[in-house]
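Understanding the architecture of this molecule
Chain by chain, the residues:
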Amino acid sequence: MKYYCDNWIPCSDRLPETSGRYLVSRTDYDGVNDKIVHFVEVLDFNLYSELDIEFWKTDVDAWQPLPEPWEGDNE
């Protein structure tokens, strides 16, 4: 059973365009090369900021927006 959306977007293809909550996948370069998934909340994201772009291009391999919260059964 899958509980999340599996729509990874490589940073080499495109970056997020707005602030928001994202899942990010990155490789941990501590000699083990583990794949790590993090939750990241991006505030005041600026697609034209070199600092913001550097984070996405150097620290993140791929990303995806979080799905909408579960509403439950309305019956």
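Above this text you will find the structure in question.
None of the values given here were measured: they were computed from a predicted structure.

As a further point, take the overall build of the protein. The secondary structure content of the protein amounts to one helix and four strands. For the protein, the sequential pattern of α-helices and β-strands runs β-β-β-α-β. Looking at the 75 residues of the protein, the share that counts as buried comes to 27%. Across the protein, the fraction of contacts at a sequence separation of at least 24, relative to all contacts at a separation of at least 6, is 60%.

Turning our eyes to something else, we now look at the pairing of strand 4 (residues 62-65). Examined bridge by bridge, strand 1 (residues 9-10) and strand 4 share two bridges and lie antiparallel to one another. Note that in strand 4 the partner of Pro10 across the bridge is Ala62. By the bridge criterion, four bridges tie strand 2 (residues 20-28) to strand 4 in an arrangement that is antiparallel. Bridge pairing in strand 4 links Leu23 to Gln64.

The rules behind each value
Residues numbered from 1 in each chain as written. Predicted model: local features only at pLDDT ≥ 70, side-chain atom pairs only at ≥ 80, totals over all residues. Heavy atoms only, no water. Helix = DSSP H or I, 4+ residues; strand = E, 2+ residues; numbered from the N terminus. Buried < 20%, exposed > 50% of the residue type's maximum accessible area, 1.4 Å probe, protein only. Contact = heavy atoms within 4.5 Å. Pairing = 2+ DSSP bridges.

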